[in-house]
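Summary of the model geometry
The residues making up each chain are set out below.
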Amino acid sequence: MRSSFDLYLDGASLLHCRDPRAKLLAMLVLVVALVLVPVGCWMAFGLFSLLVLALVVVAHIPLARLLRQLLVVLPFVLPAVLFLPFLHGGTILWQVKMGGWHLTLGDTGLVLAGSILLKAILSAFALGVLVATTRMADLLRGVDALGAPRLLTTIFGFMYRYLFVIEDEAHRLRAGRDVRYYGGLLIGIRSVGHMAGSLFIRSYDRAERVYGAMLLRGYDGTHRSLNSLRVGWADVLMVMAMTVLAVSISLAGRWL
Amino acid sequence: MHIPDGFLSGATMATTAVASAAGLGVAVKMVSRRIGERHVPLMGMMGAFIFAAQMLNFPVVGGASGHLIGAALAAILLGPWASIIIMSLVLIAQCLIFQDGGLLALGANIFNMSIIAGLGAYLIYRLLTKFLGEDRRLVAGFVAAWFSVVIASVAAALELAISGTVPLDAVLPAMVGWHTLIGIGEGLITIAMLGLVRAVRKDLLQMGRA
């Protein structure tokens, strides 16, 4: 089985041991405070970088993993960020004429682009810390305990359970296509459609089989778990510390 | 089209989050009225299917490749409300697993690619099958799939412009122009898939009506 989706890193760090609800809340506070930092507050961005870095170190997340995350985030963010400095004016830093086009690099856009880049990367890292230190099943139970609709968390649980299986199925289909494929855009598109079709039929039939197997084992629509969630002092302390830190960095960055 | 964190203003994030939560809430209500515990594994599996189908990419030109998004497909196969739930969960999974799309931008991403795209595709599909007749179902599927991609890109462009990140006259033509092309691929994949399922397992196409 390929495990490209399972982002949980086994460990026993301070963060691994915290209650999933507490981690979720703390991470949410952090990301909200970070995203609401005004454009160009480099002081606040610096402090937030240190905070996220501290979390990464505490959670024992290897550098290679962070770099891989960066590779996922950057292709979406970089092109947009590269255009921004040319779209917003401000003090002109650099100018070229290409045919009828005036390309002006302004400082407003440059500051905006830098801020957006930092926010996107830091928030992705913070989220990365959360999923690296929390098993998906625990995270789901946390979200459930926080009041998310049961239908959604149950369906999500099933989806996550079978992502790996259906992904394997998709890889087999793709490998089969790749050894037979001889080019042509339209043929390529059509064959992807047919692959999606047979993937759909296989998934549907698998769902029927899974449901039958679950019925045999007494499934009645409710999800049961052996160990229950418990909030301890350390969890409360973490949420409070994170709130104080994130809010004060956010405010300090604004006034300093 | 997954918007990362940092691109949207606080007001835009809050508004789209509230809109998405409301839409998802309605979808949960509508779906739980009709489905029993029997459909829970099926919905989960369909989410996994959409997730995996997005990984079936095809080469376009050079090193670039395209892939399916799936909102129209889900809406046509499973009905609008189930498709909203499934696409939203797929987007949440992509945010958690790949950090593809920001945590706080999730409201906007769900609004664009799940609610607007799903409802839009379903409306267009039903209207067209009514006007053109059931025989031209594939034409309706193509237009619905194309439309779902384009309208999602319009919504994303508007959100980025309202947030003051990019001027509207720059982002709207760029996003919509690009997704007009992507939408053609989406439409072709969608009808190839619907055609295959109809030829092989016609019974599965009735789910959206149930």
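Taken together, the contacts link 62 residues of chain B with 73 residues of chain A. Both sides of the chain B and chain A interface together cover about 5,900 Å² of buried area, and 83% of this is carbon and sulfur. On inspection of chain B and its partner chain A, the count reaches 1 salt bridge. In this structure, the salt-bridge partner of Arg201 of chain B is Asp205 of chain A, at a minimum N-O distance of 3.0 Å. Taken together, the connections running from chain B to chain A amount to 4 residue pairs in polar contact (both at pLDDT 80 or more). Every element with two or more residues in the side of chain B that touches chain A is listed here: α1 (10–34), α2 (39–53), β1 (58–59), α4 (80–98) and α7 (168–200) of chain B. Take the side of chain B that touches chain A: its biggest share by element is 13 residues, from α2 of chain B. Here the side of chain B that touches chain A is built from residues that sort into 47 nonpolar, 10 polar and 5 charged.

Ranked by size, the top nonpolar core spans 145 residues in total, and within it Leu30, Phe48, Phe156, Leu199 and Phe200 of chain A together with Phe49 and Ile85 of chain B carry the most contacts. For this core, the two domains that each supply at least three residues are domain 1 (20–143 + 229–255) and domain 2 (148–216) of chain A. For Leu199 of chain A, the contacting residues outside a window of four places in its chain are Ile166, Glu169, Ala170 and Leu173 of chain A together with Phe49, Ala52, Ala53 and Leu56 of chain B.

Partitioning chain A into structural domains gives domain 1 (20–143 + 229–255) and domain 2 (148–216). The gap between the C-alpha centroids of domain 1 of chain A and domain 2 of chain A is 33 Å.

An α-helical segment advances 3.6 residues per turn. Residues three or four places apart therefore align on the same side. All names here are of chain A. Taking 1.5 Å of rise per residue, 17 residues should cover 24 Å, and helix α2 (residues 42–58) covers 24 Å from first to last C-alpha, within 8% of that figure. Every buried residue belonging to α2 is among Ala44, Phe45, Phe48, Leu51, Val52, Leu55 and Val56, and all of these are buried. Down the axis, α2 shows its buried residues gathered within 140° of arc, on one side only. Among the exposed residues of α2, those pointing more than 90 degrees away from its buried face are Leu50 and Val57. Along its buried surface, α2 packs onto α1 (20–35), α3 (63–83), α4 (107–133) and α8 (233–255).

Further remarks concern the packing of α2 of chain A against α8 of chain A. The packing of two helices is summarised by the inter-axis angle and the distance between the axes. Residues and elements named next belong to chain A. Close contact between α2 and α8 brings their axes to 7 Å; oriented N to C, the two are set at 160°. Classified by the angle their axes make, α2 and α8 are roughly antiparallel. Note that α2 runs across α8; the crossing there is right-handed. Contacts from Met43, Ala44, Leu47, Phe48, Leu51 and Leu55 in α2 reach Met242, Leu245, Ala246, Ile249, Ser250 and Gly253 in α8. Of the residues belonging to the contact of α2 with α8, the class tally is 10 nonpolar, 2 polar and no charged.

This next bit is on a nonpolar patch on the surface. Among the surface-exposed residues, Met43, Leu47, Leu50, Leu53 and Val57 of chain A lie close enough to one another that they form a single nonpolar patch of about 470 Å² accessible area. Relative to the helices and strands, Leu53 of chain A resides in helix α2.

Attention shifts here to the packing of aromatic side chains. Residue and element names in this part refer to chain B. Applying the stated criterion to the full structure yields 6 aromatic pairs over all chains. For the pair Phe51 and Phe98, a centre-to-centre distance of 5.9 Å together with 25° between the ring planes defines the contact as stacked. Here the residue Phe51 occupies a position in helix α2, and Phe98 occupies one in helix α4, the gap between them amounting to 47 residues. Take Phe51: its relative accessible area is 2%, and that puts it in the buried class. Look at Phe98 and you get partly exposed, because its relative accessible area is 27%.

All right, on to unusual backbone geometry then. Although it is not a glycine, His60 of chain A sits at a positive phi angle of roughly 55°. By the secondary structure assignment, His60 of chain A is in the loop between α2 and α3. Residue class for His60 of chain A comes out exposed when judged on its relative accessible area of 61%. Phi at Gln99 of chain B is positive, roughly 55°, even though this residue is not glycine.

Residue and element names in this part refer to chain A. By secondary structure assignment, the location of His16 is in the segment before α1. Judged by relative accessible area, which is 11%, His16 ranks as buried. When the C-alpha atoms of His16 and Val58 are compared, they prove to be 9.5 Å apart, with 42 residues separating the residues in sequence. Once residues lying within four places of it in the same chain are set aside, the contact partners of His16 are Tyr8, Leu9, Asp10, Gly11, Lys23, Ala59, Ala132 and Thr133. Polar side-chain contacts of His16 include one of 2.6 Å to the backbone oxygen of Leu9.

Here is what the cut-offs are and how they apply
- Residues numbered from 1 in each chain as written.
- Chains lettered and ligands numbered in written order.
- Predicted model: local features only at pLDDT ≥ 70, side-chain atom pairs only at ≥ 80, totals over all residues.
- Heavy atoms only, no water.
- Contact = heavy atoms within 4.5 Å.
- Buried area = accessible area lost by both parts, 1.4 Å probe.
- Salt bridge = Lys/Arg side-chain N within 4 Å of Asp/Glu carboxyl O.
- Polar contact = N/O pair within 3.5 Å; in protein donor to acceptor, adjacent residues only side chain to side chain.
- Helix = DSSP H or I, 4+ residues; strand = E, 2+ residues; numbered from the N terminus.
- Nonpolar A, V, L, I, M, F, W, Y, C, P; charged D, E, K, R; others polar.
- Core = buried A, V, L, I, M, F, W, Y, C linked by side-chain atoms within 4.5 Å.
- Buried < 20%, exposed > 50% of the residue type's maximum accessible area, 1.4 Å probe, protein only.
- Domains from an automatic or database assignment.
- Expected span 1.5 Å × (residues − 1).
- Arc of directions from axis to C-beta.
- Axes fitted to C-alpha atoms, helices over the stretch in contact; angles between N-to-C directions.
- Parallel < 35°, antiparallel > 145°, perpendicular 65-115°, else oblique.
- Left-handed = near helix turned anticlockwise from the far one by under 90°.
- Patch = residues over 30% accessible without salt bridge, like charges linked within 9 Å, V, L, I, M, F, W, Y side chains within 5 Å.
- Areas by Shrake-Rupley, 256 points an atom, 1.4 Å probe, with all protein chains shown as cover.
- Phe/Tyr/Trp six-rings, centres within 6.5 Å; stacked < 30°, edge-to-face > 60°.

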